[in-house]
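Residues per chain, in single letters:
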Amino acid sequence: MRGDYHTHSIFDDGKNTLLEMAEAAEEKGLLYFGFSGHASQSFDESFCIKRNRFREYLREARDIQALFEQEGRRTEILVGVEQDLFSEPARGLDYTIGSVHFLKQEGDYLCIDESPEKLEWIVSEYFGGNWYRMTDAYFDLVAKLPEKTGCDIIGHFDLVTKFNEGNRFFDETDPRYLRRAGEVLEYLVQQSMVLEVNTGAMARGYRNTPYPREGLLGLLYVLGGEIMINSDAHSREGICFGFDEACQAARSAGFTCTNLLTRNGFARIGLGCFEEPRLRALMWT
Ligand SMILES: [Zn+2]
Ligand SMILES: [Zn+2]
């Protein structure tokens, strides 16, 4: 009984069409599947839905949603968007994932998840080589997501660690990193945000564990936060990637439930029901 709501297509920086993605989701037995193309933005159109194609994206997504409904298909389709803090507000959607991909320093938009080299350059050029000043700036922007984007879901909470596997650039257990991350996490829970357990960096070989990292996921549980498990798939093969590991990470942090998003809002579901039947069978023997 799975859902996957963070996915991309050829409308933005994905590899498959919306229909190919939806059909692959159905083949994988998903109960719910959501489209969440990168919302249009003016300063860098390279990875998002082009402004003059956004209405086409919405129309095509809604057509597929209606088709699946009319044909009584197994998978219910939802139409959403991944809204960057600095992208243009989008309307007419079933849900919004709010994400930070850019810092804004001295009027410049700086992409933090492009490459390790680019991120090193940003830290050296704009933060005097201090990685913790950069991570503070990142989390300060994450805190603005609910108000600025009106999102329902916070995307990849600690994306700033994408290139930091093995603490390559900074120590993710250092209070200089964790203090601001923890404060922002607490604020987001107060704002009733649902946070993703996002496996996107695992699929692309950058990280061995999902966002948010272990300690932050544990803190989220203690704070009474809600989660949903998403793949951030950029191709049909990526749908549900690493979901069993994500369930295990959630369970280790203390969670027993995740959330599905339905046309009537969020619905809690036990992690045991969300996992692959194969895995459940193993756990019960
Ligand atoms: Zn993203
Ligand atoms: Zn994404």
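Heads up: the structure comes first, above all this text.
Residues numbered from 1 in each chain as written. Chains lettered and ligands numbered in written order. Predicted model: local features only at pLDDT ≥ 70, side-chain atom pairs only at ≥ 80, totals over all residues.

*Asks:* Please explain the overall build of the protein as it appears in this structure.
*Replies:* In terms of helices and strands, the protein carries eleven helices and eleven strands. For 285 residues, the compact-globule estimate of 2.2 N^0.38 gives 19 Å, and the C-alpha radius of gyration of the protein, at 18 Å, lies within 12% of that figure. In terms of overall dimensions, the protein has C-alpha extents of about 60 × 50 × 35 Å along its principal axes. A buried classification covers 47% of the 285 residues belonging to the protein. Pairs at least 24 residues apart make up 68% of the contacts formed inside the protein by residues separated by at least 6 positions. (Helix = DSSP H or I, 4+ residues; strand = E, 2+ residues; numbered from the N terminus. Rg over C-alpha atoms; globule rule 2.2 N^0.38 Å. Buried ≥ 20, exposed ≤ 12 C-beta atoms within 10 Å, placed from the backbone. Contact = placed C-beta atoms within 7 Å.)

*Asks:* Just to check I follow, could you spell out the sheet that holds strand E7 (residues 153-154) for this structure?
*Replies:* Note: strands within a sheet are paired through backbone hydrogen bonds, in either parallel or antiparallel orientation. Strand order in the open sheet formed by seven strands is E1-E2-E3-E4-E7-E8-E9, with parallel pairing between adjacent strands. Pairing within the sheet leaves two strands with one partner each, and these edge strands are strand E1 (3-4) and strand E9 (226-230). Inspection of the sheet shows strand E2 (residues 32-38) paired to strand E3 (residues 76-84) by seven bridges, in the parallel sense. Its bridge partner lying in E3, Tyr 32 is registered against Glu 76. Most of the contacts of helix H2 (residues 54-70) go to E3, to which it runs at about 155°, and overall it touches E2 and E3. Contacts from helix H9 (residues 243-253) reach strand E8 (194-198) and E9, with the element oriented near 160° to E9. (Pairing = 2+ DSSP bridges. Axes fitted to C-alpha atoms, helices over the stretch in contact; angles between N-to-C directions.)

*Asks:* I'm lost on the nonpolar core in this one. Help?
*Replies:* Generally speaking, soluble globular proteins have nonpolar side chains that are buried together. Ranked by internal contacts, the top residues of the largest apolar core, which has 76 residues, are Tyr 138 and Ala 250. Of the residues forming this core, the biggest block, seven residues, is contributed by helix H4 (residues 131-142). Beyond its immediate chain neighbours, meaning those up to four positions away, Ala 250 contacts Val 197, Leu 217, Ile 227, Phe 255, Thr 258 and Leu 271. (Core = buried A, V, L, I, M, F, W, Y, C linked by C-beta atoms within 7 Å.)

*Asks:* Can you help me understand the pairing of strand E6 (residues 108-111) in this one?
*Replies:* Working note: regular strand, side chains alternate between the two faces of the sheet. Bridging between strand E5 (residues 102-105) and E6 involves four bridges; their strand directions are antiparallel. Within the sheet, the bridge partner assigned to Leu 103 lies in E6 and is Leu 110. Hairpin remark: E5 followed by E6, antiparallel, with two residues in the connecting loop; positive phi at Glu 106, about 50°.

*Asks:* What is the right way to read the packing of helix H6 (residues 175-190) against helix H8 (residues 214-222) from this model?
*Replies:* Helix-helix packing is characterised by the crossing angle of the two axes and by the distance between the axes. Close contact between H6 and H8 brings their axes to 10 Å; oriented N to C, the two are set at 35°. Where H6 crosses over H8, the handedness of that crossing is right-handed. Packed against H6, whose contacting residues are Leu 178, Ala 181, Gly 182 and Leu 185, the element H8 presents Gly 215, Leu 216, Leu 219 and Leu 220 at the interface. Along the lines of polarity and charge, the residues of the contact of H6 with H8 split into six nonpolar, two polar and no charged. (Left-handed = near helix turned anticlockwise from the far one by under 90°. Nonpolar A, V, L, I, M, F, W, Y, C, P; charged D, E, K, R; others polar.)

*Asks:* Looking at this structure, I do not really get the environment of Val 79. What am I missing?
*Replies:* Mapped onto the elements of the fold, Val 79 is located in strand E3. Sequence separation between Val 79 and Ser 46 is 33 residues, and the spatial gap between their C-alpha atoms is 22 Å. In this structure, Val 79 is in contact with Phe 35, Leu 58, Ala 61, Arg 62, Gln 65, Leu 93 and Asp 94, ignoring residues within four places of it in sequence.

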